[in-house]
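Reading the structure
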Amino acid sequence: MSRVRREDRGGRTVLLTPNFAAGRRVYNEELVLRDGTEYRTWDPFRSKLAAAILKGLPDDVVGEGARVLYLGASTGTTASHVSDIVGGRGLVIGVELSPRVAREFVENVARQRANVIPYVVDARDPSKYRVSEVDVVYCDVAQPDQTELALENCRAMLRPGGDLLLVVKARSIDVLKEPEKVFEEERRKLERAGFEIRAVVDLTPFDKGHALIWGRSPGRGPVSGGGQGSRGSSPTTSSSSWSTPEGASPLRARP
Ligand SMILES: C[S@@+](CC[C@H](N)C(=O)[O-])C[C@H]1O[C@@H](n2cnc3c(N)ncnc32)[C@H](O)[C@@H]1O
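These notes cover the structure that comes with them. (Residues numbered from 1 in each chain as written. Predicted model: local features only at pLDDT ≥ 70, side-chain atom pairs only at ≥ 80, totals over all residues.)

**Quick notes on unusual backbone geometry**
- Along the chain, T204 connects to P205 via a cis peptide bond; the corresponding omega equals 10°.
- Looking at the secondary structure, you find P205 in the loop between β10 (196-202) and β11 (210-216).
- Phi is positive for D35, close to 50°, though the residue is something other than glycine.
- Relative to the helices and strands, D35 resides in the loop between β3 (31-34) and β4 (37-42).
- Exposure remark for D35: the 6 C-beta atoms within 10 Å place this residue in the exposed category.
- For A142, which is not glycine, the phi torsion reads 50° and is therefore positive.
- The residue A142 is located in the loop between β8 (134-139) and α4 (146-157) in this model. (Helix = DSSP H or I, 4+ residues; strand = E, 2+ residues; numbered from the N terminus. Buried ≥ 20, exposed ≤ 12 C-beta atoms within 10 Å, placed from the backbone.)

Listed below in structure tokens is the structure:
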């Protein structure tokens, strides 16, 4: 069951996540009590994941208990909501390059939340924070090579059948091209790497010129049973073979 709650406020849908650090805010979000649980409002103008959910991304792609590698954590706005969603059985490994913004992420988010581990390093070198397999890689680094960077991290840490959520900022890749063309090119890179594309969500009007691409990595083979760990069982992801994208390292299913 999704941990993201929806509320109608005068015809506008508001997203809420259960506060994993009760009583604490991370930005200017509202704290509200619902059925005895404290929730935080989730601002789609501050968080591209919230925008994507309001634009149709299923709200359980990141589920309770998931292990998430979060690249480009910045001050931790979105990472804090991911921490709420995965809860005490899950984990958020947050990677941020800039020490200036990472300070806020460490103080306001990681120190308050036992399920968040911060790394102030370059996400181009996953060996600096290599952890065991993750269920989801979320990448929002707004860099020209962001897709290759995301694929490199998937190769290092994403489990077979795991999900990649890639935020594409068209202007970071090519200021002259139409955003739709950029989204299509990045989508193709993921397909060539063996990912099954589940959705390409345009984030307008929350973030113009941005899209979130949801891809699923090749699975080990048909998997049965419920829960986050079985999500590689999509019929189209049963192959364990990985192909080589242009400009990216070959991806391999790990033993
Ligand atoms: C668009 S912001 C991320 C916003 C954040 N995901 C949120 O929703 O709260 C992009 C962030 O990626 C970071 N970044 C850029 N290149 C990076 C790299 N190579 N490794 C790690 N972080 C990087 C930037 O410092 C910046 O804080």
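**A short note on the sheet that holds β10**
- Strands sit in the order β7-β6-β5-β8-β9-β11-β10 across an open sheet of seven strands; the sheet is mixed. The open sheet terminates on both sides in strands that have one partner only, identified here as β7 (116-119) and β10. Taken over all neighbouring pairs, the strand axes of this sheet differ in orientation by 15° on average, direction set aside.
- In this sheet, β11 lies alongside β10 in antiparallel orientation, the contact comprising six bridges. In the sheet register, V200 faces β11, and the bridge partner there is I213. (Pairing = 2+ DSSP bridges. Axes fitted to C-alpha atoms, helices over the stretch in contact; angles between N-to-C directions.)

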